[in-house]
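These are the residues of each chain, in order.
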Amino acid sequence: MNVDAPKDFDAAISWYEKILKTKKTADILYNIGILIVSILSVYKPISGNCYFMKEGYEQAIEFYHQSLELDGTRAECYYNLGNALVSIQNSDKAIEPFKKSCELDPTNIAAFYNLGNAYLLAKDVQNAQKAFEEIIRIEPNNYEWRYRIAQALADCGEIDLALTFAEGALKLKADDNETLFLKGSSNLYVESLLIQYA
């Protein structure tokens, strides 16, 4: 199957630009950003064009900024802005949008997780730990998030901190079959952390 990603991408942007000529709202600008990122995620495996990908994310970032200028109260827009910035290896600049998303929606665990990871990429372990601890505060009995945090910390070489989260994950009890399945798939990793570094 031969897919011309830039042509499809340009057609979608052109369609939205026509809409913008008649009405420019925060929702429309935000949805353009979402559309761009969606197109990029579909074509990423087949386009292989790094310039096209980076250019697309930069356009999405611009639309997110424009949307936030019109309505700066949208947690999901800040969250997606942070994700787009990380996608172009600009994690330092992603920290502020993730922080704002967490401030506007203090229950968004994914935003706290991405904030923690952005801090790790910026080598700010102390603030990463604070972001990860917010996840535990919001959902103290969620094994999967503890596991993901331990894995992210270990991947960045923060073994002692990773062990703390891994040990907390192992202390949780399985209450149902779904939890047992999740624990079964990730227990090996957490236990290997404990064995390897303890």
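Everything numeric in this text was worked out from a predicted model, so none of it was measured.

Calculation criteria
Starting afresh in each chain, residues are numbered from 1 along the sequence in its written order. Local features are withheld for residues below a pLDDT of 70 in this predicted model, meaning they are given only at 70 or higher, and side-chain atom pairs are given and counted only at 80 or more; totals for whole chains, interfaces and linings count all residues. No hydrogens and no water enter the side-chain calculation; it runs on all heavy atoms of the structure. In this description a helix means any DSSP run of H or I spanning at least four residues, a strand means any run of E spanning at least two, and both kinds are numbered starting from the N terminus. Burial classification: accessible surface area is computed with a 1.4 Å probe over protein chains only, and a residue below 20% of its type maximum counts as buried, one above 50% as exposed, and the rest as partly exposed. Contacts were defined at the residue level, with two residues in contact if any of their heavy atoms lie within 4.5 Å. The pLDDT value tells you how sure the predictor is about a given residue, anywhere from 0 up to 100.

## A few points about the side chain of Ser67
Okay, step 1: Within the secondary structure, Ser67 is located in helix H3 (residues 50–70).
Okay, step 2: According to the relative accessible area criterion, Ser67 is buried, its value standing at 0%.
Okay, step 3: Sequence-distant contacts of Ser67, defined by excluding residues within four places in its chain, comprise Ala26, Leu29, Tyr30, Arg74 and Cys77.

## Some details on the environment of Glu133
Okay, step 1: Position of Glu133 among the secondary structure elements: in helix H7 (residues 125–138).
Okay, step 2: Residue class for Glu133 comes out partly exposed when judged on its relative accessible area of 38%.
Okay, step 3: Residues Glu133 and Phe112, 21 residues apart in the sequence, show an inter-C-alpha distance of 8.9 Å.

## Digging into the confidence of the model for the chain
Okay, step 1: For the chain, the average pLDDT comes to 78, and 73% of its residues sit at 70 or higher.
Okay, step 2: Summarising per-element confidence for the chain, the mean pLDDT is lowest in helix H10 (residues 177–197) (50) and highest in helix H5 (residues 91–104) (96).
Okay, step 3: Counting interchain partners and residues more than four positions distant, the pLDDT-below-50 stretch residues 1–6 has seven contacts.
Okay, step 4: Taken as a whole, residues 174–186 scores under 50 in pLDDT and shows 11 contacts with residues more than four places along the chain or in a different chain.

## Overview of the environment of Tyr57
Okay, step 1: Position of Tyr57 relative to the elements: it lies in helix H3.
Okay, step 2: Classification of Tyr57 by relative accessible area gives buried; the value is 8%.
Okay, step 3: Put simply, Tyr57 and Asn83 are 26 residues apart on the chain and 9.6 Å apart in space, counted from C-alpha to C-alpha.

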